[in-house]
Amino acid sequence: MTHAAHPPLLAAWLPRVQLDPSRLTHASALHGGASGSSVYRLEGYAEPFVLKITPASAPDYVRERSQREIAFYQTLAARVPVPTPAVHHSVVDPDGGSALLVRAYGPPLPAADWTDAEYREIARQLARLHARFWRATEELARLPWLRPPSGEITQETIAAARDAWQVLQRQPAFEAVFTAARRRLLDQLLERVAGAPSDTAELPLTLCHNDFHMENLLRADGGQFIWTDWQEVGVGYGADDLSFFCQRAAHAGADVPLELMLAAYRDELETCTGQRVDAQALRARVARHELLTRLLHWPAYLVGAAPAALDAQLGRIEQLAAQL
């Protein structure tokens, strides 16, 4: 591939991340373009790389997320007890454009191939991450780029969720899914959550990944999980990471052993911190986060979903509402 044959954006940034454009033999576009960043897998060098480029013209929130990820690798990656990608170069321009070059790894383990051993191991790794700053978030106060804890649920968030649910209800394919009882339940839940605080007295804040799911767990040659995509890293409640992982895995078709993961997570967290973790508080936080996420954030992603998928989402909301 000649330098002239490179996509213009890629051609402009390769030298910036210390790569010789003349050595590039193949560049394949990966996910990320829809978010405002462009992601490429690069071949032709001593090892394959992944290059994430965020131009200065990207929306503010996209540039903020990209710069947060770079700051994480520069500041915290060496201090967290989970495997993260090897970073070869990063650049942040004064105008907000940025690029991150990391080693390429193998694809995530498909949801259907996960066994209890993998679920247990990743729950333990997650506990080790959260244990690192458990009751010690004052160490993170010097890092203003971290995503802050979520505050109260705002009326704007509720209004956006209500609009998204109404869009789904108007789709003919979902008419049978939205029973009258389900419509009433959604309305009642959306009314109740206004102003609900995010804090949980029984559990402390800590460092969280905040976008923890199977697709962000790549694989090294020996099968080791590699934790990627740290664009949302910030202070939060560890149980929320576990809750989101289980939601995304279930949506991908996995039969998630939640109780096994909860037990492994709690045991490892107590071992690493030397502190007792209230099992009931942990389970309640996981369920609460799942209910709020499914209620407020999932509907925007369900347009065009199969009726069975939407039915499963609503059925799970019904179960969680009854529990809580």
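A. How the structure looks around the sheet that holds strand β4 (residues 87–92). Ordered by their spatial adjacency, five strands build an open sheet running β1-β2-β3-β5-β4, and the pairing between neighbours is antiparallel. Two strands lie at the open edges of the sheet, namely β1 (26–29) and β4, each paired on one side alone. Neighbouring strand axes in the sheet, compared pairwise and without regard to direction, differ in orientation by 20° on average. Bridging between β4 and strand β5 (residues 98–103) involves five bridges; their strand directions are antiparallel. Following the sheet pairing, Val 91 is matched in β5 by Ala 99.

B. Highlighting the packing of helix α4 (residues 155–169) against helix α8 (residues 279–296). It is the contact of α4 with α8, at a shortest axis distance of 8 Å, that shows an interaxial angle of 60°. The angle between the axes of α4 and α8 places the two elements in the oblique class. Residue-level contacts link Thr 157, Ile 158, Ala 161 and Trp 165 of α4 to Arg 294, Leu 295 and Leu 296 of α8. Residue classes in the contact of α4 with α8 are distributed as five nonpolar, one polar and one charged.

C. Structural context of the nonpolar core. Residues Trp 227, Phe 245 and Met 261 are the most contacted members of the largest nonpolar core, which totals 55 residues. Sorting the residues of this core by element identifies α2 (60–75), β5, α3 (116–132), β8 (225–227), β9 (234–237), α6 (238–251), α7 (258–273) and α8 as the ones contributing at least two each. Considering each element in turn, this core owes the most residues, seven residues, to α3. Formed by 25 residues, the second largest nonpolar core is a distinct cluster that contains Leu 168, Leu 302, Leu 314 and Leu 320.

Quick notes on the rules
- Residues numbered from 1 in each chain as written.
- Predicted model: local features only at pLDDT ≥ 70, side-chain atom pairs only at ≥ 80, totals over all residues.
- Heavy atoms only, no water.
- Pairing = 2+ DSSP bridges.
- Helix = DSSP H or I, 4+ residues; strand = E, 2+ residues; numbered from the N terminus.
- Axes fitted to C-alpha atoms, helices over the stretch in contact; angles between N-to-C directions.
- Parallel < 35°, antiparallel > 145°, perpendicular 65-115°, else oblique.
- Contact = heavy atoms within 4.5 Å.
- Nonpolar A, V, L, I, M, F, W, Y, C, P; charged D, E, K, R; others polar.
- Core = buried A, V, L, I, M, F, W, Y, C linked by side-chain atoms within 4.5 Å.
- Buried < 20%, exposed > 50% of the residue type's maximum accessible area, 1.4 Å probe, protein only.

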